[in-house]
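# Observations on the model geometry
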Amino acid sequence: MATSSTSPKKSSLASSTSSVGRPPQAVKFGRRTSSGRVLSLSRDDDMDLSGDFSGNNDYINYTVLMPPTPDNQPMEASSGGSASADSKPDAPGPYGVSARVGMTRRVGNDQEGGISGAAMEGMDRRMSVMQSNKSILLRSQTGDFDHNRWLFETKGTYGIGNAFWSKDDDDYGHDGVSMSDFLDKPWKPLTRKLQVPAGILSPYRLLVLIRLIGLLLFIVWRIRNPNRDAMWLWGLSTVCETWFAFSWLLDQLPSSTQSTAPPTLLPPRQVRAALPSNPMVALTSRRAPLVTANTILSILAVDYPVEKLSCYISDDGAAILTFEAMAEAVNFAEVWVPFCRKHNIEPRNPDSYFSLKSDPTKNKKRPDFVKDRRWIKREYDEFKVRINGLPEAIRRRCETHNNNEEMKEKKLAREKNGGAPLTEPVNVVKATWMADGTHWPGTWYSQLRIISRAIMLESCSKVPSPDPVMGHPDDKVLDFTGVDIRIPMFAYVSREKRPGYDHNKKAGAMNAMVRASAILSNGPFILNLDCDHYVYNSMAVREGMCFMMDRGGDRICYIQFPQRFEGIDPSDRYANHNTVFFDGNMRALDGLQGPVYVGTGCMFRRYALYGFHPPRANEYSGIFGQIKTSAPNIQAQQAEKEDGELEPLSGHPDLDLPKKFGNSSLFTESIAVAEFQGRPLADHLSVKNGRPPGALLVPRPPLDAPTVAEAVAVISCWYEDNTEWGDRIGWIYGSVTEDVVTGYRMHNRGWRSVYCITKRDAFRGTAPINLTDRLHQVLRWATGSVEIFFSRNNVLLASRRLKFLQRVAYLNVGIYPFTSIFLVVYCFLPALSLLTGQFIVQSLNTAFLSYLLTITITLALLALLEVKWSGIGLEEWWRNEQFWVIGGSSAHLAAVLQGLLKVLAGIEIHFTLTSKSAAEDEEDIFADLYVIKWTSLFIMPLTIMVVNIVALVIGISRTVYSVLPQWNKLVGGSFFSFWVLSHMYPFAKGLMGRRGRMPTIVYVWTGLISITVSLLWISVSPPDG
């Protein structure tokens, strides 16, 4: 809102001494205090707003009371006056904000206008500044206000655009910093980055350099000083150590050169009109219906404008159990979602919330919270009973309908037979029936016939209205007075599957979901979640959106959130939390071109998924990519070419524009809309490629039959024929790790990604805690990396838009499984040393021990700095090192062998899906940890353990019974054997199972075999002397 006034005391700003030589300012900014006084927010201190201007003026003064955001300016006329017909409604305000909304105008004394008391009640959101000494925040050299320091030292937050609205109604302080200090700032950021402290980064880089020099000198020394007595042992160890040094360098370079920490978010306030639509995707993959239902409930309850949110679930199995469980979840969401909004519940997964051990009444101010919680807990218990009873209910329903159908067929057959008894039985197909008495179009329980599953797209909840719908008191449910009771749109999708078609597993399901959501809601951003990863932080979507809506956010292709897991054993025996990767390696990549895509918890820009280029990109040339130039606009170049010319304009196939999206005109038209809605808000001239304020105020149209029919058509199995889906558009096909390949393709086009670490975990999920399941999971990841290395997605073939260190990071992704070959050989070397009485060096001299000590100490110091920088614990770091050896000697080696077989012999790679089923003992939440499921992946680690134990016994026996014992070789071989066995300790515990259940006979037999073999060895080959 705005007021204008004239005053006889001071005729104009043009006549004041502070404004000499400047054109008159037509728009002034101010605010009204609780006492009714209007304070100036202008930099002209001689403007008096307390009275009215008098006399004829050549210009008109406006006092604009800052609205919430440029997109959220309510067109409300105050009771005290209205805008005149000759006012200037399109006068621009600061930062490109239009001053036409909520503005009143006075011309001389002819009109009176102002802000009435009723209008002032809507002005609760006011600018807030820090109540501190202004001199502290002034730059030392220029004397200007240091906005970045203010942003860092306070809890100030900015909304979408450039306005911040305080949560309280405190007035400005007259002795502190005033809002005039911010008017010369062209931009108020939504995100910020903190510099890594020099006390951590500088020693880290120094230690990396020292260790690198030490490794190079050590390898040179090893080459120049061979062991003449055991050349084969010396050669194998030298080759392995050289590869380990190279692998360590690939892993360390992206971390040691980064200069910024992950961004610290400034989440926006409730700004409905400035936030774009955001469809969220949950993908089922053989999860329990109750787990999936809880994930859906956490998504529907996120803190985001309801009318801008859509939730889709892809059920590739087309199970009626999943469909009816989702329908039950949507019904329960009608009371659960308003309850979460009313009492600000966290987390909004019902199962996780009711399982919290903390006091549920903490920080809850409403007096009816205890009563509401007791009621909703009872409703959730009934909801679980209904979900768990669905399999039996569906079975009984199907039996009833099938019996009725069988009776009808028998009656019809007797009528055709003239009433005579039937000589042959009547065959009736056992169908699966829905609750409305119709056949389920998906997968049937009966396998008597092979059917082509039909396409299913069912909207379980309608499109919400654009305006809030407030609840009211009800005796049967909770009192939702003043609470928005709407829930987002939810749709169940199951794509068509037919024999003879390659449906491309998860990648194909995600692409079908992208097309269906483009037709139904067409949100510019897509959040990809697995069904066992629920929303733990209801503000996570808003916090991720800060990056997309900030200046330069139009170049970001996706926001990757770290994966956090629940249900892991306290010791994290198999490094399931993977904190070294998520809190170390991924954060380091955030200082480059961005982290890799890891499958779930990722917010995509739809336009980037379609294979298009960013609006601005850079190219890097030179040996180390040190020459940076602006990339040419390929989109503009290809638009100028004639349609008949097929010659690519770019030197890399990934830089060509996508063309074949399919034959759906409605989908093709939605691409430009999604690109425009995903742009940042253009509320300042410095914002490039932005959308104007107010562009997203149009409500979502309701779904009609033609739109739904088109959405069904784009998820049919034939739609992708003769298109670029899976090759250039959407999730990329051809790899079991389609997530890494999809993210690599985007980075290769010049896009950036961001790693978003929130103060409260954004999402939480489950992970396999059983040893067999964990190794199969690692096998899947390693298999995908091997496929990437032998495909066109190898980073050695990348375009010049990929940074050098980003290339190194992706090269490490494709190479790390091959380290298993050298790791397995190196794990056997200590045993071979003890068995043969030789060592990898001629003797344990001073040079060898000095190099070994230097490399070990620098590694330990680097680990300490990584722990301090990333916040991981020493125990977590050690568990990661242990499982690196366990996984490298089992799953990684199997992945390399399978990859070589596929490339050389054409044998397809098959892997086992991760099993996350619980054990039989339901009383112990970690019972699955002790379940032993034999797999061939156990063979190599078990062999390494047995051989090293046997070699230790033989080596000790040989040295003890020798006339001239060589203790130095025994110490060297024993040290490295104990190093191998200490890394294998979690594997040994996994083989033992639960204490008392798995007999210790395994270790007894190992000891007996070791003693027997050692005695036989001494008898056959007695010690010298």
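Residues numbered from 1 in each chain as written. Predicted model: local features only at pLDDT ≥ 70, side-chain atom pairs only at ≥ 80, totals over all residues. Heavy atoms only, no water.

## Notes on the overall build of the protein chain
- Looking only at helices and strands, the protein chain features 27 helices and 19 strands.
- Across the protein chain, the fraction of contacts at a sequence separation of at least 24, relative to all contacts at a separation of at least 6, is 80%.
- For the protein chain, the exposed area adds up to about 47200 Å²; of that, 57% sits on carbon and sulfur atoms. (Helix = DSSP H or I, 4+ residues; strand = E, 2+ residues; numbered from the N terminus. Contact = heavy atoms within 4.5 Å. Areas by Shrake-Rupley, 256 points an atom, 1.4 Å probe, with all protein chains shown as cover.)

## Overview of the state of the cysteines
- As enumerated under the stated definition, the model contains zero disulfides in all.
- Here Cys531 is not disulfide-linked; the sulfur of Cys311 is the nearest cysteine sulfur, at 8.6 Å.
- Residue class for Cys531 comes out buried when judged on its relative accessible area of 1%. (Disulfide = S-S within 2.5 Å. Buried < 20%, exposed > 50% of the residue type's maximum accessible area, 1.4 Å probe, protein only.)

## A closer look at the environment of Ile872
- Locating Ile872 in the fold gives a position in the loop between α21 (846-870) and α22 (874-888).
- Remark: the alpha-carbon pair of Ile872 and Val580, spanning 292 residues in sequence, is separated by 6.9 Å.
- Every residue in contact with Ile872, bar those within four places of it in the chain, is listed here: Thr579, Val580, Asp583, Glu866 and Val867.

## What to know about the side chain of Ser521
- Along the chain, Ser521 turns up in the loop between α10 (505-520) and β11 (525-530).
- Since its relative accessible area comes to 15%, Ser521 is described here as buried.
- Within polar-contact distance, the side chain of Ser521 engages the side chain of Tyr312 at 2.8 Å.
- Not counting residues within four places of it along the chain, the set of residues in contact with Ser521 comprises Pro279, Ser310, Tyr312 and Arg700. (Polar contact = N/O pair within 3.5 Å; in protein donor to acceptor, adjacent residues only side chain to side chain.)

## Let's talk about the sheet that holds strand β19 (residues 763-766)
- Ordered in space as β12-β19-β14, the three strands form an open sheet in which the pairing is mixed. Because the sheet does not close on itself, it has two edges, and the strands there are β12 (534-535) and β14 (564-566).
- Of the pairings in the sheet, the one linking β14 to β19 comprises three bridges and is parallel in character. Looking at the pairing, Glu566 lines up with Thr766 of β19. (Pairing = 2+ DSSP bridges.)

## A closer look at the pattern of salt bridges
- Within the structure shown, the criterion is met by 32 salt bridges.
- Between Glu324 and Arg397 there is a salt bridge, with the nearest N and O atoms lying 2.8 Å from each other. With a gap of 73 residues between them, Glu324 in helix α6 (residues 320-343) and Arg397 in helix α9 (residues 390-416) connect regions that are remote in the sequence. This pair shows no difference in class: Glu324 is buried, exactly as Arg397 is. (Salt bridge = Lys/Arg side-chain N within 4 Å of Asp/Glu carboxyl O.)

## Observations concerning the packing of helix α5 (residues 289-300) against α6
- Relative to each other, α5 and α6 sit at 40 degrees, their axes nearing to 8 Å. The handedness of the crossing between α5 and α6 is right-handed. Judged by residue contacts, Pro289, Thr292, Ala293, Ile296, Leu297 and Leu300 of α5 engage Leu321, Ala325, Met326, Ala329, Phe332, Ala333, Trp336, Val337 and Arg341 from α6.
- Among the residues forming the contact of α5 with α6, the class breakdown is 13 nonpolar, one polar and one charged. (Axes fitted to C-alpha atoms, helices over the stretch in contact; angles between N-to-C directions. Left-handed = near helix turned anticlockwise from the far one by under 90°. Nonpolar A, V, L, I, M, F, W, Y, C, P; charged D, E, K, R; others polar.)

## Describing the confidence of the model for the protein chain
- When the pLDDT values of the protein chain are averaged, the result is 76; 71% of them are 70 or greater.
- Here residues 448-452 scores under 50 on pLDDT; set against residues more than four positions off or in separate chains, the count is eight contacts.
- Ignoring residues within four places in sequence, the model shows residues 642-649, a span with pLDDT below 50, making six contacts including any to other chains. (pLDDT = per-residue confidence, 0-100.)

## Brief notes about the environment of Ile394
- Counting through the fold element by element, Ile394 comes out in helix α9.
- Counting along the chain gives 73 residues from Ile394 to Leu321, while the straight-line C-alpha distance between them is 7.8 Å.

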